[in-house]
Amino acid sequence: MDNSLPTEFDVVVIGTGLPESILAAACSRSGQRVLHLDSRSYYGGNWASFSFSGLLSWLKEYQQNSDIGEESTAAWQDMIHETEEGITLRKKDETIQHTEVFCYASQDIDDNIEEIDDLQKNPSWVASSTLIKPLDSACLSEETHSLYVSSYEVPAKGTPENSGEVTDTAETLVKEEYCGYKTYKHRVSDGAKDEIKPILEDNSDPPKRNRITYSQIVEEGRRFNIDLVSKLLYSQGLLIDLLIKSNVSRYAEFKNVTRILAFREGKVEQVPCSRADVFNSKELTMVEKRMLMKFLTFCLDYEQYPDEYQAFTQCSFSEYLKTKKLTPSLQHFVLHSIAMMSESSCTTIEGLKATKNFLQCLGRFGNTPFLFPLYGQGEIPQCFCRMCAVFGGIYCLRHKVQCLVVDKESGRCKAIIDHLGQRINAKYFIVEDSYLSEETCSNVQYEQISRAVLITDQSILKTDSDQQISILIVPPVEPGACAVRVTELCSSTMTCMKDTCLVHLTCSSCKTAREDLESVVKKLFTPYAETEIDKEELAKPRLLWALYFNMRDSSGVSRSSYNGLPSNVYVCTGPDCGLGNEHAVKQAETLFKEIFPSEEFCPPPPNPEDVFFDGDDKQPEPLGANTVIIAQLESSEGSKNLESSEKHLQN
């Protein structure tokens, strides 16, 4: 394949994160010539999802601070004219920091208890060349509905179609030792092969669980789709509306989040959300049920009753709840599990608005307000990339951009120069924040997100069904600290192997990710196969594997913070710490309106019956009762050419 690209475009987009992908799709849909580039070998940037081996390769890249291809880049200084200047872009991604990995599971099925002390101190990691999830891996739904929500358990497959990945070379697993990682080896009793049973408080015997080893996780690595950023989709949110309006929803499938959980007094409880849940709850008294329903009904139309909250606009939402005669448990449920706010930072208006948004999203697709995309959050950017490609967008991964070419007189960007030394001209340029150089971002103050990804052997709240998708907010213990959001995914979401759960922890960073999140991990989980633990610890899910890392949060950065940015260069930020995707959608729409103010943002796709091609100007005559339609080949020669082409394809 020729590496050269066309040299003239209307829009060049650098980075394939969610806001960039939405913008690329919107521009392509409006008829613009779009070139979409990414220096990475996968779609999504920090919005991506990885298989287990792909995640280890991603970790290796950040641990080694690799800069693949730097030695082969062509010099760009000679391609800058006297009337131009170049703005260099960053050569490597520095948005991820403080990565720490811990392996608690046994390394091999045949490991002996006596041999544990003889095992190597550093874990054995399985890494492969970086894996790519192509656009064709997005799941196409043939349903006629505008949004397909899967509420049933997806059967396990040997190799799911959507988790198929492509490598540049043969997919070989190479074992490598990573110095500096810590792993814990524990004595393991004989693994029971029985099914996982619900934990009964009155049962004196410990429940039997399936034994999961690290070797099994590696072998089943393709069944994992691990998100770098943990988010859910509000059923009445901007992203769902955009997916339906643009018909991009046909490229993905979704599952309902089945339950909202709360962590109170050291225990995990299920929170009643809908009216039916409230009145069926055994945790609430009849008086509490009536109090809760009365308050939630008020929140749905709180703007109509300003006298009820105007006196508390300067107070926190938690203080306002105390005045509504709600019991402490109800106050906790409303604040942390419905409004999903922290006690200190949430005002009364913000809390009422968040509660109303939660309630308005109930019932559209299920009993909770949230949806989760099958195969992970990383599917969503790919869906919009597919839409862009359908309308003519050109995509290149592993394609580095060395600099932006700026005209000195007008101050506008004219072109980019890629790592092959090719100069590509365009009218508008959209760049992900992580590509901008240190000089351009010297005045920018970034925040950080603390993230943890855990693989566990069971759910944090056992029920009759092990296929639960749960969200839990763990309140901070110390004043001023941030609440931790916990999202637990089951195997039916196609993000983890059978008999395991994939758990995501997220909060705003105060320290490193491990320092921020490890205390919550210890409250909810116990290390795999740890000996001499009490009954309470034994009831917790066992932790098999853990990853901690900090991710840059650039969502609060304004355009004026960047130095020397040309007027026709627009910056998209990375993932924010919020639960939904509203910020990314708002940003994409705002930038699109700035660039093309007269164009509609991601309009519905045209009806195929309304599409006219060149030469179709002549209107067909209306069919009469005696009209006969005859289909003929244009010539016998054309018929022969068609037959020869079919034979060639068959051979």
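For the protein chain, the name recorded in an unreviewed UniProt entry is Rab proteins geranylgeranyltransferase component A, with Balaenoptera acutorostrata as its organism. UniProt annotates the protein chain under Subcellular location (unreviewed entry) with the comment "Cytoplasm, Cytosol".

Enquirer: Give a description of the sheet that holds strand E16 (residues 394-397) that names residues and reports values.
Expert: An order of E16-E2-E1-E20-E27 is seen for the five strands of this open sheet, with the pairing classed as parallel. A single partner strand is all that each edge strand has here, and the edge strands are E16 and strand E27 (569-572). Going from strand to strand, the sheet's axes swing by 15 degrees on average, the running direction of each strand aside. Direction of pairing for strand E1 (residues 11-14) relative to strand E2 (residues 34-38): parallel, over a ladder of four bridges. Bridging across to E2, isoleucine 14 finds its partner in leucine 37. Against the sheet, helix H10 (residues 379-390) engages E2 and E16, with an angle of about 135 degrees to E16. Of the strands in this sheet, strand E20 (428-432) and E27 are in contact with helix H13 (residues 582-595), which crosses E27 at around 175 degrees.

Enquirer: So what about helix H11 (residues 513-524)? Which residues, and what values?
Expert: Taking 1.5 Å of rise per residue, twelve residues should cover 16 Å, and H11 covers 17 Å from first to last C-alpha, within 8% of that figure. Considered for burial, the residues of H11 that qualify are Ala513, Arg514, Asp516, Leu517, Glu518, Val520, Val521 and Leu524.

Enquirer: Explain the packing of helix H4 (residues 238-246) against H13 to me, using residue names and the numbers behind them.
Expert: As a packed pair, H4 and H13 sit with axes 8 Å apart at the nearest point and diverge in direction by 55 degrees. Accordingly, the angle class assigned to the pair H4 and H13 is oblique. Residue-level inspection shows Leu238, Leu239 and Leu242 of H4 in contact with H13, the latter providing Glu582, Val585 and Lys586.

Enquirer: Just give me the short version of the packing of aromatic side chains, but keep the residues and values in it.
Expert: For any pair of aromatic rings, the description consists of the separation of the ring centres together with the inter-plane angle of the planes. Applying the stated rule across the entire model yields 19 aromatic pairs. Relative to tyrosine 309, the ring of tyrosine 302 lies with its centre 5.6 Å away and its plane at 70 degrees, an arrangement referred to as edge-to-face. In terms of burial, tyrosine 302 and tyrosine 309 fall into one category: buried. Here the aromatic rings of tyrosine 428 and phenylalanine 596 are separated by 5.4 Å at their centres, their planes lie at 70 degrees, and the arrangement is edge-to-face. With tyrosine 428 in strand E20 and phenylalanine 596 in the loop between H13 and helix H14 (636-650), this pair connects stretches of sequence that are 168 residues apart. Phenylalanine 596 gets classed as buried once you look at its relative accessible area, which sits at 9%. The rings of Tyr42, Phe50, Trp58, Tyr62 and Phe549 are connected pair by pair, giving a single aromatic cluster. In this structure, arginine 552 packs its charged tip against the face of tyrosine 446, placed 4.2 Å from the ring centre.

Enquirer: I'd like a rundown of the side chain of asparagine 256, residues and numbers included.
Expert: By secondary structure assignment, the location of asparagine 256 is in strand E12 (residues 254-256). A relative accessible area of 12% places asparagine 256 in the buried class. From its side chain, asparagine 256 meets the backbone oxygen of phenylalanine 365 in a polar contact 3.2 Å long.

Enquirer: Run through the side chain of aspartate 227, naming residues and quoting values.
Expert: Tracing the sequence through the fold places aspartate 227 in strand E10 (residues 226-227). Although aspartate 227 lies buried, it forms no salt bridge, and the closest oppositely charged side chain, arginine 451, sits 6.8 Å away as judged by the N-O distance. Within the structure, the side chain of aspartate 227 is placed 2.3 Å from the side chain of serine 49, a separation counted as a polar contact. Looking at aspartate 227, its side chain comes within polar contact range of the main-chain nitrogen of glutamine 377, at 2.9 Å. Leave out the neighbours within four places in its chain, and aspartate 227 touches Ala48, Ser49, Phe372, Gly376, Gln377, Gly378, Arg451, Val453 and His504.

Enquirer: Kindly report on the sheet that holds strand E4 (residues 84-88), identifying the contributing residues and their values.
Expert: In spatial order, the strands read E4-E17-E18-E19; together these four strands make up an open sheet with antiparallel pairing. What marks the edges here is a single partner per strand, and that holds for E4 and strand E19 (423-425). Along the sheet, successive strands turn relative to each other by an average axial angle of 30 degrees, direction set aside.

So, how was this worked out
- Residues numbered from 1 in each chain as written.
- Predicted model: local features only at pLDDT ≥ 70, side-chain atom pairs only at ≥ 80, totals over all residues.
- Heavy atoms only, no water.
- UniProt positions renumbered as here; feature names shortened; annotations may be inferred.
- Pairing = 2+ DSSP bridges.
- Helix = DSSP H or I, 4+ residues; strand = E, 2+ residues; numbered from the N terminus.
- Axes fitted to C-alpha atoms, helices over the stretch in contact; angles between N-to-C directions.
- Contact = heavy atoms within 4.5 Å.
- Expected span 1.5 Å × (residues − 1).
- Buried < 20%, exposed > 50% of the residue type's maximum accessible area, 1.4 Å probe, protein only.
- Parallel < 35°, antiparallel > 145°, perpendicular 65-115°, else oblique.
- Phe/Tyr/Trp six-rings, centres within 6.5 Å; stacked < 30°, edge-to-face > 60°.
- Lys NZ or Arg CZ within 6 Å of the ring centre and 35° of its normal.
- Polar contact = N/O pair within 3.5 Å; in protein donor to acceptor, adjacent residues only side chain to side chain.
- Lys, Arg positive; Asp, Glu negative; His and termini not counted.
- Salt bridge = Lys/Arg side-chain N within 4 Å of Asp/Glu carboxyl O.

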